[in-house]
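Take a look at the letters that make up each chain.
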Number of protein chains: 2
Amino acid sequence: MEYSIDRFAAMTESAIAALKYPATAPGLYEPIKYALASGGKRLRPALCLAVYAALSHRDPAEVINQALAVEMFHNFTLLHDDVMDCADIRRGRPTVHRRWGENAAILSGDAMLTMAYGLLTDNAGDKFPALFEEFNRTAMEVYQGQQLDMEFENRSDVTVAEYIEMIKLKTSVLLGCACRLGAIAAGAEASVCDSFYAYGVAMGLAFQLRDDWLDTFGDPAIFGKEIGGDIINKKKTWLLINAMAEMPDELPAILAEDLEDREKIRQVTAAYRSLHLDHRCSELANRYSADAITALGNVALDKDALAFFTALAESAATRNH
Amino acid sequence: MEYSIDRFAAMTESAIAALKYPATAPGLYEPIKYALASGGKRLRPALCLAVYAALSHRDPAEVINQALAVEMFHNFTLLHDDVMDCADIRRGRPTVHRRWGENAAILSGDAMLTMAYGLLTDNAGDKFPALFEEFNRTAMEVYQGQQLDMEFENRSDVTVAEYIEMIKLKTSVLLGCACRLGAIAAGAEASVCDSFYAYGVAMGLAFQLRDDWLDTFGDPAIFGKEIGGDIINKKKTWLLINAMAEMPDELPAILAEDLEDREKIRQVTAAYRSLHLDHRCSELANRYSADAITALGNVALDKDALAFFTALAESAATRNH
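All of these numbers come straight from a predicted model, not from anything done at the bench.

Trainee: Kindly report on the relation of the copies chain B and chain A, identifying the contributing residues and their values.
Mentor: Taken as rigid bodies, chain B and chain A are interconverted by a rotation of 180 degrees and an axial shift of 0.0 Å, the fit giving an RMSD of 0.0 Å. The transformation just described matches what one would write down for a two-fold rotation axis. Counting the interface residues of chain B, we find that 100% of their copies in chain A are interface residues as well, pointing to one common contact surface.

Trainee: Tell me about the packing of helix 3 (residues 43-56) of chain B against helix 16 (residues 303-318) of chain B, and please be specific about residues and values.
Mentor: Residue and element names in this part refer to chain B. Packing of helix 3 against helix 16 leaves a shortest axis separation of 11 Å and a crossing angle of 155 degrees. It follows from the interaxial angle that helix 3 and helix 16 lie roughly antiparallel. Regarding helix 3 and helix 16, the two cross each other, and that crossing is left-handed. Two secondary-structure elements touch here, helix 3 through Leu43, Leu47, Ala50, Val51 and Ala54 and helix 16 through Ala305, Phe308, Phe309 and Leu312. Residue classes in the contact of helix 3 with helix 16 are distributed as nine nonpolar, no polar and no charged.

Trainee: Quick one: what's the story with the pattern of salt bridges, residue by residue and with numbers?
Mentor: Counted under the stated rule, the structure contains 36 salt bridges over all chains. Among the ionic pairs, Arg319 of chain A bridges to Asp211 of chain A, the shortest N-O distance being 3.0 Å. In this pair, Arg319 of chain A is assigned in the segment after helix 16 (303-318) and Asp211 of chain A in helix 9 (residues 190-217), connecting sequence segments 108 residues apart. Residue Asp211 of chain A is classed as partly exposed on the basis of its relative accessible area, which comes to 26%. The shortest N-O distance in the salt bridge between Arg273 of chain B and Asp278 of chain B comes to 3.2 Å. The exposure class assigned to Arg273 of chain B is partly exposed, which follows from its relative accessible area of 46%. Connected via shared salt-bridge partners are Glu134, Arg137, Glu141, Arg180 and Asp194 of chain A.

Trainee: Talk me through the packing of aromatic side chains; I want residue IDs and the actual numbers.
Mentor: Under the criterion given, the structure shown has 39 aromatic pairs over all chains. Centroid distance Phe8 of chain A to Phe308 of chain A: 5.6 Å. Interplanar angle 70 degrees. Geometry classified as edge-to-face. In this pair, Phe8 of chain A is assigned in helix 1 (residues 5-17) and Phe308 of chain A in helix 16, connecting sequence segments 300 residues apart. Residues Phe8 of chain A and Phe308 of chain A agree in their burial class; the two are buried. Taking 5.3 Å as the distance between ring centres and 85 degrees as the angle between the ring planes, the aromatic pair formed by Phe128 of chain A and Phe132 of chain B counts as edge-to-face. Within this pair, whereas Phe128 of chain A is found in helix 7 (residues 128-153), its partner Phe132 of chain B is found in helix 7 (residues 128-153), the two belonging to separate chains. Under the relative-accessibility criterion, Phe128 of chain A is labelled buried at 7%. It is Arg93 of chain B that lies over the ring of Tyr34 of chain B; its NZ or CZ is 4.0 Å from the centre. One residue, Arg99 of chain B, lies across the ring of Trp100 of chain B, its end atom 4.6 Å from the ring centre.

Trainee: So what's going on with the interface of chain B and chain A? Which residues, and what values?
Mentor: Every contact between the two is made by 36 residues of chain B and, on the other side, 36 residues of chain A. Both faces combined, the contact of chain B with chain A buries some 3200 Å², and carbon together with sulfur accounts for 73% of it. Three residues stand out in chain B for area buried against chain A, namely Leu107, Thr114 and Met140 of chain B, and they jointly supply 18% of the buried area on that side. The tally of links between chain B and chain A comes to zero salt bridges. Scanning the region where chain B abuts chain A turns up 12 residue pairs in polar contact (both at pLDDT 80 or more). If you list the elements that add at least two residues to the side of chain B that touches chain A, you get helix 4 (64-84), helix 6 (102-120) and helix 7 of chain B. Top element by residues in the side of chain B that touches chain A is helix 7 of chain B. It accounts for 13 residues.

Thresholds applied
- Here the residue index of a chain counts from 1 through its sequence in written order.
- Following the order in which they are written, the chains are lettered starting with A and the ligands numbered starting with 1.
- The predicted origin of the model limits local features to residues at a pLDDT of at least 70 and limits the giving and counting of side-chain atom pairs to 80 or more, whereas totals for whole chains, interfaces and linings rest on all residues.
- Calculated side-chain values reflect all of the structure's heavy atoms, with hydrogen atoms and water omitted.
- The copies were overlaid with a least-squares fit restricted to C-alpha atoms from residues scoring a pLDDT of at least 70 in each copy.
- Residue contacts follow a heavy-atom distance rule, with two residues in contact if any of their heavy atoms lie within 4.5 Å.
- Whenever a helix is involved, its axis is fitted only over the stretch in contact; in every case the axis is a line through C-alpha atoms, and angles between N-to-C directions fall within 0 to 180 degrees.
- Strands are runs of DSSP state E lasting at least two residues, helices are runs of H or I lasting at least four, and both sets are numbered from the N terminus onward.
- Here the word oblique covers every angle except those under 35 degrees (roughly parallel), over 145 (roughly antiparallel) and from 65 to 115 (roughly perpendicular).
- Helix crossings fall into two classes, left-handed where the near helix is turned counterclockwise from the far one by less than a right angle and right-handed where it is turned clockwise.
- All amino acids are sorted into three groups, where Ala, Val, Leu, Ile, Met, Phe, Trp, Tyr, Cys and Pro are nonpolar, Asp, Glu, Lys and Arg are charged, and the leftover types, Gly among them, are polar.
- Salt bridge, as used here, is a side-chain nitrogen of Lys or Arg placed within 4 Å of a carboxyl oxygen of Asp or Glu.
- Under the scheme applied here, a residue whose accessible area is under 20% of the maximum for its type counts as buried, over 50% as exposed, and between as partly exposed, the area being computed with a 1.4 Å probe on protein chains only.
- Two rings from Phe, Tyr or Trp (for Trp, the six-membered ring) form a pair when their centres sit within 6.5 Å of each other. Planes less than 30 degrees apart are called stacked, planes more than 60 degrees apart edge-to-face, and all others tilted.
- For a lysine, the NZ atom is tested; for an arginine, the CZ atom; a charge sits over a ring if that atom is within 6 Å of the ring centre and within 35 degrees of the ring normal.
- Summed over both partners, the accessible area lost on bringing two parts together, with a 1.4 Å probe, is the buried area.
- Here a polar contact is recorded for every N or O atom pair within 3.5 Å, except that within protein the pair must consist of a potential hydrogen donor and a potential acceptor, and residues adjacent in sequence are included only if both atoms are side-chain atoms.

Below, the structure written as structure tokens:
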């Protein structure tokens, strides 16, 4: 059994290309095909496929629809989040609402959520209720995370603990869910399902903290995006929340100053560095990554599988793009 | 067993009032509570409850969550449709996006869809897959209907057949679904499920055609809404589509003319009457209502149940509000 993120991503791409859509109202599906074809890391389906293969020693293709359900759900949230955030660009291309309008992004997003449920339960047999329950609870948590994220925009007293709770809900639980769906489909016992869920959630936290880090300290040539977008948008990242707490006078002053973008980024980044937030953020991401690996300590895995999950968790905290 | 729409509506109201929401991110649930508390006929849950009671001779409260799932889904579509249509008022109150903003309407709407799935499958036992399949297919059809409705706005060649297909998808199939969910939960055989589905769909068509009729020919004192809104908005109703086909020169001329609202409504209404569209629309609604009753011809129902379903179908085509 070959465990590689590229192999799982390729399986996902093929399955996306082979998805069938109803014949009625084809305009509903164009934005969906566009959104799904725009790439991304396919990390969530890869987790579902890898966990299933590792625990069942069977062909991961058997759970491709459950893996796609998570990817479909993830892309549904991106469609709606991009409307809410007025985002113009996603993965280097115009967002769905920029290309087809807001109404299309809302309605096709709704259809994606329903299609995700359809994929999740396809051929699910006696696993139907357990898969469904896991997915449904996670979906509610993701909305809660987005709600908190929006509420944080209008608050100046967000704590680090609240931030971690928010990114856990908005991002990490879906990675945990992807893992647990693979484990449920493999017929794993509850403690193994829980271990893989904990693995996914901890990895998701590492992943998101690295995202915050990359947006400020990344190498633009490798990162593939402009650096400093979060600073310009005053986005309440882990870095900003800590800096606001530790420099309660200086940081708001810099943010409020009428500076050119580059200069603002330079000053805020310097403030972050003076507080060692670059190192502290990396350390915290590494700690979550280690937690993820620890969570699998009691799960019986063959060498290849363990190496795969270990490397994946490490890369979440250390990746450069 | 007492069959009355008021009794079923009251059961629905109590269950809505008793709904439990998660503690995290309470802001997500305020718009949901508001939308669900704004009344409406509760026709869809009533159908689910009544069909279950009629076929199982058991307490309809046993399927209250499945009935609520349909009502929750219906209200989710209203939240998102109101954003898409830029509607300000719903049931006499500001729409959710007017009161909390568009982002809240989108996100809380998403949460309602997921909550609907949760209600649908609550305590579903071995009926889980059948209930789910019916609900999921219907949801896709409702989106298709909304997509067609939006596409029709930009087309001048919509046929009556296309219009009927659109309202069937956008409105009627959900009434059919509400009936079928009740039948599935009651353990009815497939032919009985199909009969009740056909009943709901035909009743839905009668209901929607009566809606078109009321907006132009209703008595404002009883209807509770301004008359002529569809005419002012050039909404492609059954009346307008027929009139455009039968008066291809005169009607577009009236619509294009720069007239005061009241005068435009007067002239278009006169054109409709000259084509007898008021009678023809009523006749067609009555025919669908009769189709609904015919669909139940082979279902064994006791006298009270049959009287209830017959009166409900008749009122869909003849109601004045």
